[in-house]
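Residue strings, one per chain:
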Amino acid sequence: MWEGVGVRELRAGDPTRIGDFALVARLGRGAMGTVFLGRSPGGRPVAVKVARAELADDPAFRARFRQEIDMARAVGGFWTAAVVGADPDAERPWLATEYVAGPTLSEAVSTNGPLAEPVVRALMAGLAEALAAIHGAGLVHRDLKPSNVLLAADGPRVIDFGIAKAVRGAGLTLTGMVFGTPGYLSPEQISGTEVGPACDVFALGAVMVFAATGRGPFGEGEIPALLYRAVHTGPDLTGVPRELRPVVSRCLNVRPELRPTPADLLAEAGTATTGDWLPGSVLAMVDERTTALRAHPAPRRPTLVDTPSGADPARVADATAAARAAESARAADSARAARAAEEARTAAAARAERVRLATAKAAELVRARTAAASAPAVFAKSRLPDLARALLVGCGAVVFGVGAAYGVDRGDHALAAGLTVATVLMALSALRSLYRVLRAKPRSVEISPSGLVIRDTADSRTMAWSEIGRVELVADGRETWLVVWPRDPKDQAGGLGKRHSRRHGGFRVLPVRGPRQIDDLSDALQRHGGRLFVIT
């Protein structure tokens, strides 16, 4: 992660030259190193990313850094920062790109508030064109977020290909590991499944929400909460302009195949232009950085001047002593800076490890919950209610029968007659319930992501969701039934029309009893059937 902080003076211990580039100021820092403002030999401004010294000894890091350089060079295009120099094999690997005099989207929104709808639409067009260039080069960025978007006067730029990967071919990451920024990660990145260009479109939708509202689509909080919301609860689009909600919602679809492509987004943007696209407050930030450039010109190279033969030896000795004292002071400052840097590296490494462990744990939790949510749910018709009713009413009939006999013995014929009638009625009711228990056929419904499987003792029918028009729980007197409407009204295949009673044009598939079973069945239908389940 690279966080911009504007143009700052160099610190003690900072390098002053990398390759052919003179370093004149700091631009930002991150977990992997520091970004400096540099000048080319001809005086052009460049951004130079220099890796941390302790990372240089890690072969895996050098391999990732080399991959970043290769991928950044492969992209090109108007909406990325062009690579002008790099050396992954240097003592401290470095990468130089053209300097973009503009704030990150994160800085601009944090400082000036959300952007207006026309600005967000122009931002969408520029980022869609950048993604088209990235995907056209066979790459996936995987970490598009507000701090990786620079706002220049002529349009946005996408930066930092640190965790980008080739769409085809082996990557340098481990299977099951989560790479990216929570809140902008797609569900497929979170679950550790195959990642393609659609994950960048998901991140673009999240970036648009941030630009329009000043917050991410999944709120704030701990990493596990952000990851869970991205997979299960969906985005919060409150505050997103009404005109942009449909396209943002499509970008943030949980299913990658249903998201638009960058080309679709460019068509959606229509005639959006990035000319004079930024509001005045953000243009002021661009002007501030342009002015800061003039305050940090390329340093002049020092020249050696021989000491004149007639120079005063005492003055020469004083100058030498002063130079040595200055050198000692610089060495002391460098030592203090080195100690501070080492402490900062240790703290950063500890924070990174905590984040890594939390992310891995959250990803595992999300994968487990996703697997549980996608597991089929089976519901069966229970005989227990009718059996319990038969036993209860039968016991009542016995009790009333005993009472009738007692009435006869006492000579109370009216009481005996009343109890006899009650005994007969209860006995008939018990026999009816027992008959239903004996006659009822075992019947069950399995609800899965692919559809319904309806089974009874003699037959079964599998119905894909594409074959179903709607599913509804319908109350019929004292019973509630699961009713299915085939998409084709003439559909009678697999026994639906013969073995299940018609109801309101649909087919009664399963009787549902009790609030608990109704709630469980509704939850399974909402989870797997989505819009096909009608709540009444």
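Note that the coordinates shown come from a computational prediction; the quantities given were computed from them, not determined experimentally.

A. View of the UniProt feature "transmembrane region" (unreviewed entry) in the protein chain. The UniProt record marks residues 390–408 and 414–435 with the feature "transmembrane region" (unreviewed entry), using the residue numbering of this structure. Taken as a whole, residues 414–435 contains 100% helix and 0% strand, while its terminal C-alpha atoms sit 32 Å from one another.

B. Just the packing of helix α3 (residues 117–136) against helix α5 (residues 198–213), in detail. Interaxial distance between α3 and α5 falls to 11 Å at its minimum, and their mutual angle equals 160 degrees. One way to sum up the angle between α3 and α5 is to call them roughly antiparallel. Considering the relative orientation of α3 and α5, their crossing is right-handed. Of the residues in α5, those touching α3 at Val 120, Leu 123, Met 124, Leu 127, Ala 128, Leu 131 and His 135 are Asp 200, Val 201, Leu 204, Val 207, Met 208, Ala 211 and Ala 212. Of the residues assigned to the contact of α3 with α5, the class counts are twelve nonpolar, one polar and one charged.

C. Looking closely at helix α8 (residues 262–269). Regarding α8, the residues found buried are Pro 262, Leu 265 and Ala 269. The buried side chains of α8 occupy one side of the element, clustering within an arc of 55 degrees when seen end-on. Exposed residues pointing more than 90 degrees away from the buried face of α8 are listed as Ala 263 and Ala 267. Positive backbone phi, approximately 65 degrees, marks Gly 270, located one or two places after α8.

D. Main features of the pairing of strand β7 (residues 94–98). Most of β7 sits out of view: four of its five residues are buried. Bridge count between strand β5 (residues 45–51) and β7: five bridges; the pairing is antiparallel. Considered in β7, the bridge of Lys 49 is made with Leu 95. As paired strands, strand β6 (residues 83–87) and β7 are joined by four bridges and run antiparallel to one another.

E. A look at α3. If you check α3, its first and last C-alpha atoms are 28 Å apart, about what 20 residues at 1.5 Å a residue would give, namely 28 Å. Taken across its 20 residues, α3 has 14 buried, putting it largely inside the fold.

F. How the structure looks around the sheet that holds strand β14 (residues 451–456). Spatial strand order, β12-β13-β14-β15: four strands in an open sheet with antiparallel pairing. Edge positions in the sheet fall to β12 (377–380) and β15 (460–464), since each has one partner strand and no second. Neighbour-to-neighbour, the strand axes of this sheet turn through a mean angle of 15 degrees, independent of strand direction. As judged from the six bridges shared by strand β13 (residues 443–448) and β14, these two strands associate in the antiparallel manner. For Glu 446, the partnering residue across the bridge sits in β14 and is Val 453. Against the sheet, helix α14 (residues 515–529) contacts β12 and β13, and its axis sits at roughly 140 degrees relative to β12.

G. Region of interest: the nonpolar core. Counting 65 residues, the largest nonpolar core has Leu 105, Leu 151 and Val 248 as the members making the most contacts within it. Domain assignment of the residues forming this core places at least three in each of domain 1 (8–98) and domain 2 (105–280). In this structure Val 248 touches Gly 205, Met 208, Val 209, Leu 237 and Val 240, once residues within four positions along its chain are discounted. Within the second largest apolar cluster, 21 residues are counted, among which are Ile 468, Val 471, Leu 510 and Leu 532.

H. Representation of the pattern of salt bridges. One pass over the structure, following the stated rule, counts 15 salt bridges. Taking the shortest distance from any N to any O, the salt bridge between Glu 117 and Arg 121 comes out at 2.9 Å. Taken together, the residues Glu 117 and Arg 121, both in helix α3 and four residues apart, mark about one turn of the helix.

I. Expanded view of a nonpolar patch on the surface. Taken together, Leu 387, Leu 391, Val 421, Val 424, Leu 425, Leu 428, Leu 431 and Leu 434 make up a surface patch of nonpolar side chains, about 730 Å² in accessible area. Mapped onto the nonpolar patch, the elements with two or more residues apiece are α11 (384–410) and α12 (413–439). If one sorts the elements of the nonpolar patch by residue count, α12 sits on top with six residues.

J. Highlighting the side chain of Ser 186. Checked against the element boundaries, Ser 186 lands in the loop between β11 (165–166) and α4 (187–191). Ser 186 sits in the buried class, given a relative accessible area of 0%. The residues touching Ser 186, leaving out its near neighbours within four places in the chain, are Cys 199, Phe 202 and Arg 259.

K. Geometry of the confidence of the model for the protein chain. Summing up the model confidence of the protein chain, the mean pLDDT is 79 and the portion of residues at 70 or higher is 74%. Long-range and interchain partners of residues 166–177, a stretch whose pLDDT sits below 50, account for 15 contacts in this model, where long-range means more than four residues apart.

L. Quick peek at the packing of aromatic side chains. By the definition in use, this model includes three aromatic pairs. Ring geometry for Phe 61 against Phe 65: centres 5.8 Å apart, planes inclined by 45 degrees, an arrangement best described as tilted. Taken together, the positions of Phe 61 and Phe 65, both in helix α1 (residues 59–75) and four residues apart, correspond to about one turn of that helix. Judged by relative accessible area, Phe 61 falls into the buried class, the value being 2%. The exposure class assigned to Phe 65 is buried, which follows from its relative accessible area of 4%. Consider the rings of Phe 202 and Phe 218, whose centres lie 6.0 Å apart with planes at 5 degrees: the pair is stacked. Residue Phe 202 is found in helix α5, and its partner Phe 218 is found in the loop between α5 and α6 (223–233); the two are separated by 16 residues along the sequence. Residues Phe 202 and Phe 218 agree in their burial class; the two are buried. Between Arg 470 and the ring centre of Trp 485, over which it is positioned, the NZ or CZ distance is 3.7 Å.

The rules behind each value
Residues numbered from 1 in each chain as written. Predicted model: local features only at pLDDT ≥ 70, side-chain atom pairs only at ≥ 80, totals over all residues. Heavy atoms only, no water. UniProt positions renumbered as here; feature names shortened; annotations may be inferred. Helix = DSSP H or I, 4+ residues; strand = E, 2+ residues; numbered from the N terminus. Axes fitted to C-alpha atoms, helices over the stretch in contact; angles between N-to-C directions. Parallel < 35°, antiparallel > 145°, perpendicular 65-115°, else oblique. Left-handed = near helix turned anticlockwise from the far one by under 90°. Contact = heavy atoms within 4.5 Å. Nonpolar A, V, L, I, M, F, W, Y, C, P; charged D, E, K, R; others polar. Buried < 20%, exposed > 50% of the residue type's maximum accessible area, 1.4 Å probe, protein only. Arc of directions from axis to C-beta. Pairing = 2+ DSSP bridges. Expected span 1.5 Å × (residues − 1). Core = buried A, V, L, I, M, F, W, Y, C linked by side-chain atoms within 4.5 Å. Domains from an automatic or database assignment. Salt bridge = Lys/Arg side-chain N within 4 Å of Asp/Glu carboxyl O. Patch = residues over 30% accessible without salt bridge, like charges linked within 9 Å, V, L, I, M, F, W, Y side chains within 5 Å. Areas by Shrake-Rupley, 256 points an atom, 1.4 Å probe, with all protein chains shown as cover. pLDDT = per-residue confidence, 0-100. Phe/Tyr/Trp six-rings, centres within 6.5 Å; stacked < 30°, edge-to-face > 60°. Lys NZ or Arg CZ within 6 Å of the ring centre and 35° of its normal.

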